[in-house]
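Structural characterization, general
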Amino acid sequence: MKSLFKILIAIIVLQSCGNKKEKVSPLKETITESVYASGIIKSINQYQVFSPVNGLIQKILVQEGDTVKINDDIFRVKSETARLNTENAQLASDYGTVNSNSGKLNEAQANINFLKTKLKNDSLLMERQRNLWAEQIGTRNELDQRELAYKNAVAAYSAAVFRYQDLKRQLSFTEAQSKNNLQISKTIAGDYTIKSQVNGRVYNIIKKEVESVTTQTAVAVIGGAGDFIIELQVDEYDIQKIFAGQKVLIKMDSYKNEVFEARVDRIIPFMNERSRSFTVEAVFITKPTALFPNLTVEANVIIQTKNDAITIPVDYLINDSLVMLSSGEKKKLVTGLKDYRKVEILSGLSTADVIIKPAP
């Protein structure tokens, strides 16, 4: 009997607890509408360093944490292909000079000299035949042949001179082109010493000496030494709400229970098709004592703030537009601003009302 009595008491207590419902009254307070975004910290001018050629890392000239200036040497890459290309360009340059092809020019000049002598001889024979024909000596056919021979000699001589000049132009062009190609090869060979593109700091060295690299392989990360930006990813559905100058509240795992203030600085007008998001850059107004690239952040971009707004907790709403009064009556509302905790009530409730939290 005692056991049965205890069970009955327990059932009565549970029923009474189940009948107890959470109640609140609307509050007049400040509410803020914001857009959530996640992202990372990046240094100013941060970039990944890539090798300009496929090869082996011959020498790493910096260490992580070192400060560098523009054009400071940071890596040396050895490329056998590049060396052979430079040697081939040197050979082509040596072979392509006008002096190296003087034999072709001398041959062309000798042909001009021969045709010039032949032209003079054909001219003399033609004049002699004309004089004989004037004295009625010889035949008209012989004169015609002499005149034709002279004309052919003139054409041959002119063609030889043209070929000589064209050959000389071609050789000059080839010489200049081969010298340019050699200079390009030497310039590219200079790029095998990778240099810093910014004044900043070496944050990460990805590759080791003697490791192979390609033009698609990052070897290091370099960025500005002092200033940092916040790179946020904003969903495409929210991007139309974001403008430069808006206030941003930042939380970071590395600084728990602290909130830092920033502002929107730039919106990249291009959507990432894979994530369906836009990149938004923000700058710190109040920032942590120490920052490092790639620290993760969570942010709320403040869209608008309203003081003295009547608010209720979001989880007291029924179907986004109704609440349950303490009397059991359902009341229709007109809502305004909303965040993840509370919602503004534009009409339908006052601070004197009491509402009940709906069952989950």
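Residues numbered from 1 in each chain as written. Predicted model: local features only at pLDDT ≥ 70, side-chain atom pairs only at ≥ 80, totals over all residues. Heavy atoms only, no water.

Considering the nonpolar core
Residues Ile230, Ile242, Val248, Ile250 and Met252 are the most contacted members of the largest nonpolar core, which totals 26 residues. Those elements that place two or more of their residues in this core are β2 (27-43), β11 (228-235), β12 (247-252), β13 (255-272), β14 (277-284) and β15 (296-313). Counting residues per element, this core draws most heavily on β13, at five residues. Residue contacts for Ile250: discarding those within four places in its chain leaves Ile230, Glu258, Val259, Phe260, Ala262, Phe284, Val297, Glu298 and Ala299. Membership of the second largest hydrophobic core comes to 19 residues, among which are Ile74, Ile194, Val198 and Ala220. (Core = buried A, V, L, I, M, F, W, Y, C linked by side-chain atoms within 4.5 Å. Buried < 20%, exposed > 50% of the residue type's maximum accessible area, 1.4 Å probe, protein only. Helix = DSSP H or I, 4+ residues; strand = E, 2+ residues; numbered from the N terminus. Contact = heavy atoms within 4.5 Å.)

Brief notes about the packing of aromatic side chains
One pass over the full model with this rule turns up one aromatic pair. Relative to Phe260, the ring of Tyr255 lies with its centre 5.6 Å away and its plane at 85 degrees, an arrangement referred to as edge-to-face. Comparing Tyr255 with Phe260, the two get one shared label, buried. (Phe/Tyr/Trp six-rings, centres within 6.5 Å; stacked < 30°, edge-to-face > 60°.)

Regarding helix α3 (residues 102-134)
An ideal rise of 1.5 Å per residue puts 48 Å on 33 residues; α3 measures up with 48 Å between its terminal C-alpha atoms. All buried positions along α3 are accounted for by Leu105, Ala108, Ile112, Leu115, Leu119, Asp122, Met126 and Gln129. Phi turns positive one or two residues past the end of α3, at Gln136, with a value near 65 degrees. (Expected span 1.5 Å × (residues − 1).)

Some thoughts on the confidence of the model for the protein chain
Residues at a pLDDT of 70 or more form 84% of the protein chain, whose mean pLDDT is 84. Mean pLDDT across the elements of the protein chain ranges from a minimum in helix α1 (residues 2-19), with 43, to a maximum in β14, with 96. The low-confidence segment residues 1-18, where pLDDT is below 50, has zero contacts with residues more than four positions distant or belonging to other chains. (pLDDT = per-residue confidence, 0-100.)

Comments concerning the sheet that holds strand β8 (residues 200-205)
With antiparallel pairing, four strands are arranged side by side in an open sheet as β3-β10-β8-β5. Only two strands of the sheet have a single partner each, and these edge strands are β3 (47-50) and β5 (67-68). Where β3 meets strand β10 (residues 218-223), four bridges bridge the pair, whose relative direction is antiparallel. Looking at β10, one finds that Phe50 is bridged to Ala218. (Pairing = 2+ DSSP bridges.)

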